[in-house]
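This is what each chain is made of:
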Amino acid sequence: SYPLSMAMAQFEPNYDERQVPEFKIPDPLTTFDGKKITATSEWENTRRPELYQFFEEQVYGKVPGKLDSLSFNMVETSDDALNGKAQRKQVEVSLFKNGKSLDFNILLYLPKSRKPAPIFLGYNFYGNHSITDDPNVIVSKAWAMDSEEFGISGHTLTEASRGVRVHRWALEKIIDGGFGLATIYYGEVDPDKNDFSDGLHSLFYMESQEIPKKDEWGSIAAWAFGMSRALDYLETDPDIDASHVVSFGHSRLGKAALWAGASDTRFAGVISNDSGCGGAALSKRQVGETVGRINTSFPHWFCDNFTEYNENEEALPVDQHELLALIAPRPLYVASAEDDQWADPRGEFLSAHYATSVYDLYGTKGISDTKMPEVNSPVQNTLAYHIRTGKHDVTEYDWEQYIDWAKRFVAVKP
Ligand code: GCU
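Draft legend 1. Here's a closer look at the packing of helix α2 (residues 40-60) against helix α6 (residues 252-263). Where α2 contacts α6, the two axes come as close as 11 Å, and the packing angle between them is 140 degrees. Regarding the angle of α2 to α6, the classification is oblique. Pair α2 / α6 crosses with left-handed handedness. In this structure, α2 contributes Arg48, Tyr52, Phe55, Glu56 and Tyr60 to the contact, and α6 contributes Trp259, Ala262 and Ser263.

Have a look at this one:
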């Protein structure tokens, strides 16, 4: 292969290991001013806060303030869902700030066989009604991405997309495994478009403000914030074991699940499914999607400060393994797919590996091997990793691993 010119390098993704630039992995256990961290107390009081602050101000953006209030409204419930195996609830969460409000809806399925139930909480891309054939699930009125494949036009969700994403949510397996599922349509929290006049951001503007400041939240941080507000509800529901809620997400929503887990330690565990650039994958490798590329295609996802690292990853004093480390010592599962090179599976694996020193510090087990496991051969410790065959997606196989792992490391049955 020929060396790419600098200009081309911005547009041509690299998939060649030999073209990966040389770089030093920032040490999670050395502070920015060079002090070695040797105790969990030093990690918690010094290093974790400075790393968190960096990700908050330079990558995802800060939440500008607190809500004035929030409320929960049980919209619908049934004791006879999934052939009587599960209870279904649809809960509207309303957020209030500066005289404005925003509503989003949580769809819940809970196993009748286990109360209170540990749960997986994760966003969906095309509405709560897309994850199941259940005709009782309410169709969202929020803005949606048009999709010919799913019959979505005019940015409006309809019956046409009911059940179109069933395969991504192994609902029966989750319920049979003794877990509940809570999901939210991400477009209700912040529509996924480069427009800051709508969604959560607009509630928090100071007078005459129209876009977030350079160090204020993009959409990923807004979605993460929404997950925390959903958790606020889950804590009030006696059918739910809110001390065992796993934040889950695929792809852009995996980036959000990771940031939710890092910023809200109430999450008992985190699953990153194919989260890639700005998620689990190391940025400095510049394999597949790069920082410059993601900030150009999706200018609303991260805070504006993050654009300082476009084609300039070497200037980053952190990398994404340190985002993973912020979740330690809580259980964390990083998963990749073989045909998802855009998300850099090897970069996701190495990130889990390099976060392991912080898990070690706590006496928990991570991914100590530097060699990637074979496809479909998960390594499951408190910090877990797998790469499965197939494309960028969430499959039954992924869920089978998550459920097994969550039984062993998150919510162990008494
Ligand atoms: C695009 C984007 C990724 C993202 C993915 C998804 O491919 O470049 O960063 O993860 O969409 O959300 O499916």
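Draft legend 2. Expanded view of the sheet that holds strand β2 (residues 86-97). Taken in spatial order, the 9 strands of this open sheet run β1-β2-β3-β5-β4-β6-β7-β8-β9, and their pairing is mixed. Pairing within the sheet leaves two strands with one partner each, and these edge strands are β1 (69-81) and β9 (383-388). When the angles between neighbouring strand axes are averaged without regard to direction, this sheet yields 20 degrees. Contacts from α6 reach β4 (117-124), β6 (240-250), β7 (269-273) and β8 (332-337), with the element oriented near 140 degrees to β6.

Draft legend 3. Focus on the side chain of lysine 255. For lysine 255, the position within the fold is in helix α6. Buried charge lysine 255 goes without a salt bridge, the closest partner of opposite sign being glutamate 289 at 4.3 Å. Excluding residues within four positions of it along the chain, lysine 255 makes contact with Ile220, Ser275, Gly276, Cys277, Gly278, Gly279, Glu289, Ile294, Trp301 and Phe302.

Draft legend 4. Structural context of the nonpolar core. If you look at the biggest cluster of nonpolar residues, it comprises 90 residues, and the most contacted ones within it are Ile106, Leu108 and Trp259. When residues in this core are grouped by element, the largest group, 11 residues, is from helix α5 (residues 219-234). In this view, tryptophan 259 contacts Tyr52, Phe55, Glu56, Tyr60, Ile220, Ala221, Ala224, Leu323 and Leu326; residues no more than four positions away in its chain are not counted. Listed in part, the 30 residues of the second largest apolar core include Leu82, Ala170, Ile175 and Ile403.

Draft legend 5. Region of the structure containing the pattern of salt bridges. Applying the stated criterion across every chain, the model contains 30 salt bridges. With a shortest N-O distance of 2.8 Å, aspartate 393 and arginine 168 are connected by a salt bridge. On the criterion of sequence distance, the pair formed by aspartate 393 in the loop between β9 and α10 (396-409) and arginine 168 in the loop between β4 and α3 (171-176) is long-range, its members being 225 residues apart. For the pair shown, aspartate 393 and arginine 168 are each scored as buried. A salt bridge links arginine 229 to aspartate 232, with the shortest nitrogen-to-oxygen separation between them at 2.5 Å. Placement of both arginine 229 and aspartate 232 in helix α5 is noted, with a separation of 3 residues, approximately one turn of the helix. Judged by its relative accessible area of 14%, arginine 229 falls in the buried class. A relative accessible area of 17% means that aspartate 232 is categorised as buried. Salt bridges sharing common partners tie together Arg229, Asp232, Glu235, Asp264 and Arg266.

How each quantity is defined
- Residues numbered from 1 in each chain as written.
- Predicted model: local features only at pLDDT ≥ 70, side-chain atom pairs only at ≥ 80, totals over all residues.
- Heavy atoms only, no water.
- Axes fitted to C-alpha atoms, helices over the stretch in contact; angles between N-to-C directions.
- Helix = DSSP H or I, 4+ residues; strand = E, 2+ residues; numbered from the N terminus.
- Parallel < 35°, antiparallel > 145°, perpendicular 65-115°, else oblique.
- Left-handed = near helix turned anticlockwise from the far one by under 90°.
- Contact = heavy atoms within 4.5 Å.
- Pairing = 2+ DSSP bridges.
- Buried < 20%, exposed > 50% of the residue type's maximum accessible area, 1.4 Å probe, protein only.
- Lys, Arg positive; Asp, Glu negative; His and termini not counted.
- Salt bridge = Lys/Arg side-chain N within 4 Å of Asp/Glu carboxyl O.
- Core = buried A, V, L, I, M, F, W, Y, C linked by side-chain atoms within 4.5 Å.

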